[in-house]
Amino acid sequence: MKTKPFSQQTAIVTGGATGIGRSFTEALADAGAQVVIASRRREVLEMAADQINRSIGAERVSTCAFDIRDNEQIEGLVSFVVERHRSIDILINNSGLAVPETVEEISDAGWEKVLQTNLRGVMQLCRAVLPHMMKEDFGDIVNISSQAGKHGYADVPSYCASKFGLLGYAEALRDHVRKTKANIRVFNFCPGLVDVENTDATTKPRPGFIHVSNLARTLIYALSLDRDVVLEDINLYAK
Ligand SMILES: NC(=O)c1ccc[n+]([C@@H]2O[C@H](COP(=O)([O-])OP(=O)(O)OC[C@H]3O[C@@H](n4cnc5c(N)ncnc54)[C@H](OP(=O)(O)O)[C@@H]3O)[C@@H](O)[C@H]2O)c1
């Protein structure tokens with residue numbers, strides 16, 4: 001089975017400039033991978049890429065502004081990365097948001113925004129990336145679901161539906177790559193509360209939250225397992 005060191009891999013991290021995504025970007029770039037971070041705010045992307053490249057002393061992080069709710073922009077992101085780097089070895093589906101509306105308050109606009117960002121966009125991005133991974137016979141897809149993908153919470157029903165849905169989609173994707181015998185693994189992270197405000201290595205997370213660096217360390221560990229091993233659902237929460 002084909003293997004590649006991180007130094008020969010290219011990753012797309014959606015939402016890779018902020019919060020959990022940023023910690024994934026830093027860890028992958030630090031491990032030697034090329035990382036394309038992609039989300040809507042161009043200036044946020046560029047600032048994060050500059051800071052990370054400066055801190056590792058190498059130009060490994062590049063940017064591509066896109067809105068995951070727009071299929072043409074998804075296709076544009078995938079073409080940009082393939083033209084520039086030839087392969088897409090790691091796809092981290094991290095972009096996501098919640099609209100806090102109870103089942104009685106739920107609005108069509110809120111529902112659409114959450115479902116399109118957290119679920120439909122991910123399915124479209126996987127559809128666009130998969131042929132490139134199949135062609136190279138190499139790839140890892142990492143979905144950031146949540147504990148809200150395993151338990152229902154009254155304040156965020158549309159978010160729960162999107163994150164449960166993401167896990168269902170990931171199971172189908174995993175079954176597809178197994179049946180096609182592709183060298184592609186599908187991982188899901190289901191974190192509890194992650195402190196994305198106190199992110200410095202020296203700062204303590206708020207009570208009940210975990211430090212974001214735990215996600216980055218777990219990512220590198222999971223991706224470093226043998227190619228025939230997949231750590232399927234990764235539940236991480238404060239004990
Ligand atoms: N923090 C937690 O406690 C926690 C727990 C469990 C799961 N999660 C999940 O972890 C992921 C990251 O969340 P986070 O806490 O790190 O929050 P965050 O910093 O707000 O990250 C969300 C990212 O998604 C991007 N994004 C939002 N809408 C987008 C769109 N339409 N197109 C492309 N990108 C879009 C945002 O960038 P732009 O606004 O620039 O587009 C942002 O970089 C999410 O999927 C979240 O559901 C978080």
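This text follows the structure it describes.
Being a predicted model, the structure only gives us computed values, none of them experimental. Each chain carries its own residue numbering, running from 1 in the written order of its sequence. In keeping with the model being predicted, local features are shown solely for residues with a pLDDT of at least 70 and side-chain atom pairs are shown and tallied solely at 80 or more, while totals for entire chains, interfaces and linings include all residues.

Observations concerning the overall build of the chain
Think of it this way: any DSSP run of H or I at least four residues long counts as a helix, any run of E at least two long counts as a strand, and we number them from the N terminus. Check the secondary structure of the chain and you find six helices and nine strands. Across its three principal axes, the chain shows a C-alpha extent of roughly 50 × 45 × 35 Å. The buried share among the 239 residues of the chain stands at 41%. A fraction of 67% describes how many contacts in the chain between residues 6 or more apart in sequence connect residues 24 or more apart. Exposure in this text rests on C-beta crowding, where 20 or more other C-beta atoms within 10 Å of a residue's own make it buried, 12 or fewer make it exposed, and counts in between make it partly exposed. The C-beta atoms are placed from the backbone. The contact criterion used here is simple: two residues whose C-beta atoms, placed from the backbone, lie within 7 Å are in contact.

Comments concerning the nonpolar core
The nonpolar core is taken to be a set of buried Ala, Val, Leu, Ile, Met, Phe, Trp, Tyr and Cys residues joined by way of C-beta atoms within 7 Å. Within the largest apolar cluster, 56 residues are counted, with the highest numbers of intra-cluster contacts made by Ile 12, Phe 24, Val 35 and Ile 37. Top contributing element to this core by residue count: helix H4 (residues 108-136), with seven residues. In this structure, Ala 98, Val 114, Ala 148 and Tyr 159 belong to the second largest nonpolar core, which totals five residues.

Here's the deal with unusual backbone geometry
Residues other than glycine seldom take positive phi values, yet Arg 86 does so here, at roughly 75°. Relative to the helices and strands, Arg 86 is located in the loop between helix H3 (71-85) and strand E4 (90-93). If you check the backbone angles, Lys 181 has positive phi at about 60° while not being a glycine. Counting through the fold element by element, Lys 181 comes out in the loop between helix H5 (157-179) and strand E6 (184-191).

Concerning the site of the ligand
In the vicinity of the ligand there are 25 residues, among which Gly 15, Gly 19, Ser 39, Arg 40 and Gly 96 approach most closely. Considering every element that reaches the shell around the ligand, the biggest residue donor is helix H1 (residues 19-30), with three residues. Residue classes follow a fixed rule: Ala, Val, Leu, Ile, Met, Phe, Trp, Tyr, Cys and Pro count as nonpolar, while Asp, Glu, Lys and Arg count as charged, and any other residue, Gly among them, counts as polar. Partitioning the shell around the ligand into residue classes produces ten nonpolar, eleven polar and four charged. To decide nearness, the C-beta atom of each residue is placed from the backbone, and the residue is near a molecule or strand if that atom lies within 6 Å of it.

What about the packing of H3 against H4?
Contact geometry of H3 with H4 gives a least axis separation of 10 Å together with a crossing angle of 30°. Here H3 is positioned roughly parallel relative to H4, judged by the angle of their axes. Relative to H4, the crossing made by H3 is right-handed. Touching Asn 71, Ile 74, Glu 75, Val 78 and Val 82 of H3 are Gly 121, Gln 124, Leu 125, Ala 128, Val 129 and His 132, all from H4. Residues belonging to the contact of H3 with H4 are distributed by class as follows: six nonpolar, four polar and one charged. For helices, the axis comes from a line fit to the C-alpha atoms of the stretch in contact; other axes are also lines fit to C-alpha atoms, and the angle between any two N-to-C directions lies between 0 and 180 degrees. Convention used here: angles under 35 degrees read as roughly parallel, angles over 145 as roughly antiparallel, angles from 65 to 115 as roughly perpendicular, and any remaining angle as oblique. Each crossing is labelled by how the near helix is turned from the far one, with a counterclockwise turn of less than a right angle marking it left-handed and a clockwise turn marking it right-handed.

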